[in-house]
Amino acid sequence: MLAALIVVPFGRGSIAWFSSIAFLAIVILWRIGGCLRCSCPSCRSTRVNKSSFAALRLHTSLAIAVCSCRIFATLAPHPRVQ
């Protein structure tokens, strides 16, 4: 919604600015996450069991598959109704 609110009034040229700001935000959050991961000693001592990791991987894969099907279904040509 935020992208639509920026792109609609300012046109296509604002897409490049918006995507560059989004990329910068990703890099900043990635760096913050890296700093927080290193400075938290209690987080390093906890272990994740393999079954919960496998369940998380399954749910993530399923979510990506559903999103991909949804995107490609939207882009697929629809038959004309006459």
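Just so you know, these numbers come straight off a predicted model, no measurement behind them.

Regarding its fold elements, the protein chain presents 4 helices and 0 strands. Evaluated residue by residue, the protein chain yields a buried proportion of 2% over its 82 residues. Summed over all atoms, the accessible surface of the protein chain reaches about 8,100 Å², with 73% contributed by carbon and sulfur.

Let us now look at the confidence of the model for the protein chain. This prediction gives the protein chain a mean pLDDT of 78; 77% of its residues lie at or above 70. Across the protein chain, the element-wise mean pLDDT spans from 59 in helix H3 (residues 41-45) up to 84 in helix H4 (residues 50-75).

In this structure the tally under the stated criterion is 0 disulfides. Note on Cys67: no disulfide assigned, nearest cysteine sulfur contributed by Cys69 at a separation of 9.5 Å. Using a relative accessible area of 53% as the deciding quantity, one classes Cys69 as exposed.

Before going further, it helps to examine helix H1 (residues 2-10). Buried residues are scarce in H1, accounting for 0 of its 9 residues. Where H1 terminates, the next one or two residues include Gly11, which has phi positive at roughly 90 degrees.

Moving on, we come to a nonpolar patch on the surface. There is a patch of nonpolar side chains on the surface, built from Leu24, Ile28, Leu29 and Ile32 and spanning about 390 Å² of accessible area. Assignment of secondary structure puts Leu29 in helix H2 (residues 13-39). Take Leu29: its relative accessible area is 58%, and that puts it in the exposed class.

About the thresholds
Residues numbered from 1 in each chain as written. Predicted model: local features only at pLDDT ≥ 70, side-chain atom pairs only at ≥ 80, totals over all residues. Heavy atoms only, no water. Helix = DSSP H or I, 4+ residues; strand = E, 2+ residues; numbered from the N terminus. Buried < 20%, exposed > 50% of the residue type's maximum accessible area, 1.4 Å probe, protein only. Areas by Shrake-Rupley, 256 points an atom, 1.4 Å probe, with all protein chains shown as cover. pLDDT = per-residue confidence, 0-100. Disulfide = S-S within 2.5 Å. Patch = residues over 30% accessible without salt bridge, like charges linked within 9 Å, V, L, I, M, F, W, Y side chains within 5 Å. Salt bridge = Lys/Arg side-chain N within 4 Å of Asp/Glu carboxyl O.

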